[in-house]
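Residue-level structural notes
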Amino acid sequence: MKEYQVILVEKQEQNSDEILDFKTWEKANCLTDFCSPWKSDSISKIEFRACWDLENLFFNFRVFDTDVYIDKKDDSIDSIGNSDRVELFFRKDEKLSPYYCLEMDAETRTMDFEAYPDRKFDFNWNWPKDNLHLKALKDEKSFTVEGKISIKSLEELDLIQNNVIETGVYRAKFSKAGNGAYEPTWISWVNPNTETPNFHIASSFGRFILMK
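We now turn to the structure provided with this report. The residue count restarts for each chain, going from 1 along the sequence in the order it is written. At least 70 in pLDDT is required for a residue's local features to be given in this predicted model, at least 80 for side-chain atom pairs to be given and counted, and no such filter applies to totals for whole chains, interfaces and linings, which use all residues. The basis for the side-chain values is all heavy atoms of the structure; hydrogens and waters are excluded.

**Looking at the state of the cysteines**
Among covalent bonds in proteins, the disulfide is the one between the sulfur atoms of two cysteines. We apply this condition: In what follows, a disulfide is any cysteine sulfur pair within 2.5 Å.
Within the structure shown, the criterion is met by 0 disulfides. C35 takes part in no disulfide bond, and the closest cysteine sulfur to it belongs to C30, at a distance of 16 Å. In this structure C51 is a free cysteine whose sulfur lies 12 Å from that of C30, the closest cysteine sulfur available.

In structure tokens, the structure reads:
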């Protein structure tokens, strides 16, 4: 199983304007080995970083893509699900019963839900209130979605086992097809080795190691 080391940083002062300062992000390990096993087309570079300070898990997706599609018909689950986004899934173990999903578009609209095997999703479930904070940024060559998740909420959901969080890291990229419709390309840190795109499977997860 793939592993990513989440470095420990000094306790962060809470700042309403920043999730984490640039210098602290620079200390984090940079994960770039993403793949799209179901398409031969090249994919835009993705840099993912995470760190923690005993109280919060911080994460940062920087996607080197400026052709970002956002379905703005409303703020529904369907609209977010048809938009460019980044995703984190967390599970207690490989039984996936349950696991928890955060799907965040480039404007931080969030589809958070509890899930069970065979794609049984509870969209009425939400991440514990005030335990998830997000911010989105754009520049001339990329977009960034960053956030912090309280360690308390991860523990309450029984998602930290011996300083390990079993995690899936993904991206959905929507591109305009010849018929004018937007079609997704599915991108994952871990190749789940499935014939068709599927993140909702035990083989798509890796391990985040909380370093001390």
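**Some points on the packing of aromatic side chains**
Spelled out, the test is: Side-chain rings of Phe, Tyr and Trp, where Trp is taken by its six-membered ring, are said to pair if the distance between their centres is within 6.5 Å; with planes under 30 degrees apart they count as stacked, over 60 as edge-to-face, and otherwise as tilted. Strands are runs of DSSP state E lasting at least two residues, helices are runs of H or I lasting at least four, and both sets are numbered from the N terminus onward. Burial classes: relative accessible area under 20% of the type maximum marks a residue as buried, over 50% as exposed, and values in between as partly exposed (1.4 Å probe, protein chains only). Placement of a positive charge over a ring is assigned whenever Lys NZ or Arg CZ falls within 6 Å of the ring centre and within 35 degrees of the normal to the ring plane.
Inspection of every chain in the model, using the stated rule, returns 21 aromatic pairs. Summarising the aromatic geometry, the rings of F89 and Y99 are spaced 6.1 Å apart at their centres and angled 45° between planes, so their arrangement reads as tilted. Highlighted residues: F89 in strand β5 (residues 85-91) and Y99 in strand β6 (residues 99-105), separated in sequence by 10 residues. Just as F89 is buried, Y99 falls in that class too. Pairing F113 with F121 gives two aromatic rings, centres 5.0 Å apart and planes at 55°, and the pair type is tilted. Among the residues examined, F113 registers a relative accessible area of 1% and is labelled buried. Among the aromatic residues, those joined into a ring-pair cluster are W38, F89, Y99, Y170, F174, W186, F199 and F205. If you follow K45 out to its NZ or CZ, it ends over the ring of F64, 5.5 Å from the centre.

Interpretation in functional terms is not warranted from these geometric data alone.
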